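# A closer look at the structure
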Amino acid sequence: MAATPVWSVDPRTGKQREQVAVEATSGEVDEAVRAAHAARGALADRTARARFLRAAAALLDEAAAHVIEAADAETALGPGRLTGELARTTGQLRAFADAVDEGSYLDIRIDRPDAGAVPPRPELRRYKVPLGVVAVYAASNFPLAFSVPGGDTASALAAGCPVVVKAHPDHPATSELCASLLRRAAASAGLPPEVVSVVHGFDAGLELIRHPLVTAAGFTGSIRGGRALFDAAAARPVPIPFHGELGSLNPVVVTPAAAAERAEEIAAGLAGSVTLGLGQFCVKPGLVLVPEGADGDRLTAALTKALGETEPGVLLDHRMRENFVSGVRERAALPGVEAPVTPGSGGEHTVGAGYLTVPAGSLLEGGAYEVLLEECFGPVTVVVRYGDQGEAESVLGLLPGNLSATLQLSAAEAGGGPGPAAELIAHVTALAGRILVNGWPTGVAVAPAQHHGGPYPAATSHSTSVGGTAIERWLRPVVYQSVPDPLLPQELREANPLGLPRRVTPAAPGAETRPA
C-alpha cells in the first residue's frame, strides 16, 4: 500500500502548500515508541533535563522568524498572535527547567518511626517517579503552546518522561520544524534525540494510544475526538491515565447591578473576548446571561455595534469553517432565537463574527434548544436574557463542566460579604476550574497557581494542562519503608545529597533515628 502523504495547507486559500511527511504506519509508531522507551533512562539526569529544556527554548527563540512564518502560513493566526504564543511556549520550557532544578515537584515526604503510635509507624520515605513514555496529541488552535513544543511536552519532559507527539494535521510543517529544534536541543544537552518524536496520521494516533509502552496521554481538542481516545485508553489491557481537555462554554453572568453600572464597558470586553483569535480559544465565552430590561438592552446594543464593526477572518481550516457556518445556521433557525449580528460566512474563505439571543425560558424547555448549550468553535456567542437570579441559576444548572466561569459584578457586589454575588460564586464553583470576577477568560496566565481544566467534558481528569502543577500528570508516588539508607534513591537519603526540599515528620521522643 502506498504511503499517505501529509500536506501543509494554506487556510487563506484552501490550497496545498507542500508535502511535509507521510502518515506513520503501525510499524513506524511502534519504532518511535520503543526508541522513546529506550531513551527514558537518560532523562533520569535532572541536570541534563533542565539543560535540555532551556536549550529548546533558546533554539526556538533563535528560529523565531522561521517558526512564526511557518505557523502563520498553516494557521492564518497572524504574526502578532504567534509572536506572543512563541514567547509563552519558550517561557513554559524555562519555567519547567526551573521546576526541575528546584525539585519540590518530587513531593518528598519523610515520616520518622514512632513505635508508640497506634498502629506503630515505621520509617517511611516517599517521592514521585516518572511514568514512562507519554503520548501528546497536539491542538489545532495553538500550533506552538499546545503542540510539539507546548505545555504537555514540556511538563512531561520535565517529569522525566520521553514524548511521542501525534502532530495536528492543520500544521504539520510547523510540527516538523519544532520537533527538529527540540531534537537538536536534546543532543546539545547530551540526551538521545529520541526523547522527542513526531508521528502523523489519524490511524497513527490510535496506534499510539494503544501501544503497550505508552504510559499516559495528554490531549487538547474536540469532545468527540478526545472521548474516542479516552475510551481507547481505558479499554487497553492495562488502562492508562488520559488527561484530555475537550470542550467548554465558559459561561458569563452579568448581574443587573453590573449592567446598570457599566453596560457599554462589559459589551466591549465581551466583544473582544469572543473575537480574540477569531473565537478559536477553548476559553471563549460561549454563553452569556444578561438581565432583561433597559440596562440589558444597553449592553446588547453596544455588543451589536462592536461585533458589527469586526472584520471577517480566516479560521484554522476549511472543515472548521464549514462546521461553524452550519452550526450557526442550525442554532439561528430555532424559534425565538434572533441574530442581531448574524455570524457565519464572510466570504469564500472567511467568517464573520456575531451573536445570537434567546430567552432563558426557551433554554429551560430543553429539546432542540439543547444545541445552544454546545460549544460552537468560532466567533459567536449566545446571549441568554434572564428575568431574575433564580432563572439565571436554573440556566447554569443545565450546563456540564467548564474550563472557566465569569461573573460581571457591580462595585458594591464585588465588595464581598454574604448575598446574591456570593451565592453566584458558590454556584459557578461547581461548574468550572477557573472562576473570574470582572475579567474575561481568554488569556490563560502560565503561572504556578494556574488551573486549566474543570469537570467533564472540560477535562477528563482533575489535573491542569497549564501552570506548574501540570507536571504532576506524568508522575506517580513510591514509598520506601524501612529501607537501609545506602539502598535508597539519592533523593531520599538521610544526608539529602541533592539538596532537595522535603517535608519531615519528626520521630517520637526517644526513638532511634538515622544520623543526620
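Residues numbered from 1 in each chain as written. Predicted model: local features only at pLDDT ≥ 70, side-chain atom pairs only at ≥ 80, totals over all residues. Heavy atoms only, no water.

Naming follows an unreviewed UniProt entry, where the protein chain appears as 2,5-dioxovalerate dehydrogenase of Streptomyces vinaceus.

## Digging into the UniProt feature "domain: Aldehyde dehydrogenase" (unreviewed entry) in the protein chain
Selection criterion: UniProt positions are given in the numbering used here, feature names are shortened, and annotations may be inferred rather than shown by experiment. The secondary structure listing takes helices from DSSP runs of H or I that are at least 4 residues long and strands from runs of E that are at least 2 residues long, numbered from the N terminus.
Under the local residue numbering, the UniProt record ascribes the feature "domain: Aldehyde dehydrogenase" (unreviewed entry) to residues 8-392. Helix makes up 45% of residues 8-392 and strand 19%. Its end C-alpha atoms lie 45 Å apart.

## A few points about the pairing of strand β15 (residues 354-359)
In plain terms, the rule: Exposure classes here rest on a 1.4 Å probe applied to the protein chains alone. A residue is buried below 20% of its type maximum, exposed above 50%, and partly exposed in between. DSSP bridges decide pairing: two strands pair if at least two such bridges lie between them. When the strands point away from the viewer, a crossover counts as right-handed if the path from the first strand over the helix to the second runs clockwise.
In terms of burial, β15 is a largely internal element, 5 of the 6 residues being buried. Strand direction decides the pairing type here: strand β12 (residues 338-341) and β15, joined by 2 bridges, are antiparallel. When the bridges of β15 are listed, E338 appears paired with T357. Pairing between β15 and strand β16 (residues 380-386): 6 bridges, direction parallel. Bridge assignment links V358 to a residue of β16, and that residue is V384. Handedness of the β15-helix α12 (residues 360-365)-β16 crossover: right-handed.

## Examining empty space enclosed by the protein
Which entries qualify depends on this criterion: A cavity here means a set of 1 Å grid points, computed over protein atoms only, where a 1.4 Å probe fits but cannot escape. A pocket is an open set with protein on both sides within 12 Å along at least 5 of 7 lines, and lining residues have an atom within 4 Å of a point. Grid points are joined across faces, edges and corners, and a volume is the space filled by probe spheres set on the points. Under the grouping applied here, Gly and all other residues not named as nonpolar or charged are polar, the nonpolar ones being Ala, Val, Leu, Ile, Met, Phe, Trp, Tyr, Cys and Pro and the charged ones Asp, Glu, Lys and Arg.
According to the stated counting rule, one finds 3 cavities of 30 Å³ or more in the structure shown. Here the largest cavity is characterised by a volume of approximately 80 Å³. As for the largest cavity, its lining consists of 13 residues, of which L249, G286, E374, C376 and V382 are closest to the centre. Here the lining of the largest cavity gets 3 residues from one element, more than from any other, and that element is β16. Lining the second largest cavity are H243, G244, E245, H452, G453, A459, S461, S463, T464, S465 and R473. Within the lining of the second largest cavity, the residues separate by chemical class into 1 nonpolar, 8 polar and 2 charged.

## Some thoughts on helix α1 (residues 26-39)
Under the convention used in this document: One less than the number of residues in a helix, times 1.5 Å, gives the span that helix is expected to have. Relevant arc is that of directions from the helix axis to the C-beta atoms, nothing else.
Taking 1.5 Å of rise per residue, the 14 residues of α1 would be expected to cover 20 Å, and the 20 Å separating its terminal C-alpha atoms lies within 8% of that figure. Within α1 the residues assigned to the buried category are V29, A32, V33, A36 and A39. Buried residues of α1 fall within an arc of 125 degrees about the axis and therefore sit on the same side. Exposed side of α1, more than 90 degrees from the buried face: E31 and A38 are the residues found there.

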